[in-house]
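So the chains spell out like this:
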Amino acid sequence: MAYFIRFFLLIMVFVVQQCYGQDTLVKYFVVDTILFNKDIIRNKLFDGKYFMYLLVKENEEKVFFEGNFYIETYPNLETKIRYLKGDSLNVGIIMDDKRSIIWLNHIEYLPDTIHIPKWDLIHNQLQDSVKTWVGYYHYIGDSMVALYKQKSREYVTNKKSETQLKSYSFILNNVSYQVQLTTEVENLVTWYHGYPSRKGEERRYKKEIRGRKNVKYNRFAVSVHKKQKVYIGRISL
């Protein structure tokens, strides 16, 4: 038994040494100025204060980003990218308010500093299809008594003003690139529920839950299924 424990400890030490012995490399990703199209929907890109994922990892486990930018003070980006020596490094950068992505492949071959003077964030005007469903339920306590009624609606966005881009241009390390764009469809499903909030009715529904008031419904649920079109561009560097 003691021999087995010693053998196990030796194996663990060897594995740990191998993990920590791997060389980690660093790239510095710098964007001097980030410009926003006048029609861009900003709340799809920010959490209220910080930019949400301007850069996107291809390999979540082996690539690490350090750095972000603050919208009011620093309209730029300075990110430190850590990755393992010998691995390919592919990084995506968001190009619009639906978070379409330009993939920069094999940037491990570039110099330590990756420099983009200007990056334009645009408004995505591709047409999406949306289906919404609303159900109104009658609950007593925590138990559903019945579905009172339901309704649904289907529609498309940008029905009259859909605009499709063919390419996206930028400068990286003093070289001009024009990336061809294709489109993909993302399926986004959102659920939420709650209590009616019409004036004067919240108090009535609380009384109903206690069994003192009879109303037609006292809770609702909503689902939104969006088939969203986004751009994808890829370039090997």
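Residues numbered from 1 in each chain as written. Predicted model: local features only at pLDDT ≥ 70, side-chain atom pairs only at ≥ 80, totals over all residues. Heavy atoms only, no water.

Novice: I would appreciate a short explanation of the overall build of the protein in the present structure.
Specialist: Each helix and strand counted, the protein has two helices and twelve strands in total. Across the protein, contacts joining residues at least 24 apart in sequence account for 69% of those joining residues at least 6 apart. Only carbon and sulfur atoms are counted for the fraction: they give 52% of the accessible area of the protein, which is about 15600 Å². (Helix = DSSP H or I, 4+ residues; strand = E, 2+ residues; numbered from the N terminus. Contact = heavy atoms within 4.5 Å. Areas by Shrake-Rupley, 256 points an atom, 1.4 Å probe, with all protein chains shown as cover.)

Novice: Can you help me understand the packing of aromatic side chains in this one?
Specialist: How two aromatic rings sit relative to each other is set out by the distance from centre to centre and by the angle between their planes. Throughout the structure, instances matching the rule amount to six aromatic pairs. Plain terms: the ring middles of Phe-36 and Phe-46 are 5.9 Å apart, the flat faces sit at 40° to each other, and that makes the pair tilted. A residue pair is termed long-range when its members are at least 10 positions apart, and Phe-36 in strand S1 (residues 24–36) and Phe-46 in the loop between S1 and strand S2 (55–57) qualify at ten residues. On the accessibility criterion, Phe-36 (22% relative accessible area) is partly exposed. The exposure class of Phe-46 is buried, given its relative accessible area of 8%. (Phe/Tyr/Trp six-rings, centres within 6.5 Å; stacked < 30°, edge-to-face > 60°. Buried < 20%, exposed > 50% of the residue type's maximum accessible area, 1.4 Å probe, protein only.)

Novice: Explanation requested: the sheet that holds strand S3 (residues 64–66) in the structure shown.
Specialist: The strands making up a sheet associate through hydrogen bonds between their backbones, and the pairing can be parallel or antiparallel. Pairing in this open sheet of four strands is mixed, and the strands run S3-S4-S1-S7 from one edge to the other. If you trace the sheet from one side to the other, it starts and ends with S3 and strand S7 (113–121), each paired once. Sheet twist, expressed as the mean angle between neighbouring strand axes with direction ignored, is 25°. Here eight bridges tie S1 to S7, and the two strands are oriented parallel to one another. Within S7, the position partnered with Val-30 by the bridge is His-115. (Pairing = 2+ DSSP bridges. Axes fitted to C-alpha atoms, helices over the stretch in contact; angles between N-to-C directions.)

Novice: What's the story with the pairing of strand S11 (residues 175–194) in this structure? I'm lost.
Specialist: Put simply, side chains in a regular strand alternate between the two faces of the sheet. Note: strand S10 (residues 167–172) against S11, six bridges, orientation antiparallel. If you follow Tyr-168 over to S11, its bridge partner there is Val-179. Taking the residues that link successive antiparallel strands as the turn, the S10-S11 hairpin has two residues, and the phi of Asn-173 there is positive, at about 50°. Both S11 and strand S12 (residues 219–236) contribute to a ladder of 14 bridges, which runs antiparallel.

Novice: I'm lost on the pattern of salt bridges in this one. Help?
Specialist: Pairing between side chains of opposite charge can happen when the charged atoms of each approach one another. Overall, the coordinates contain four salt bridges when judged by the stated rule. Between Arg-82 and Glu-66 there is a salt bridge, with the nearest N and O atoms lying 2.7 Å from each other. Of the two residues, Arg-82 is situated in strand S4 (residues 77–84) and Glu-66 in strand S3; the sequence distance between them amounts to 16 residues. Overall, Glu-66 belongs to the partly exposed group, its relative accessible area being 35%. In this structure, the salt-bridge partner of Lys-229 is Glu-162, at a minimum N-O distance of 3.7 Å. (Salt bridge = Lys/Arg side-chain N within 4 Å of Asp/Glu carboxyl O.)

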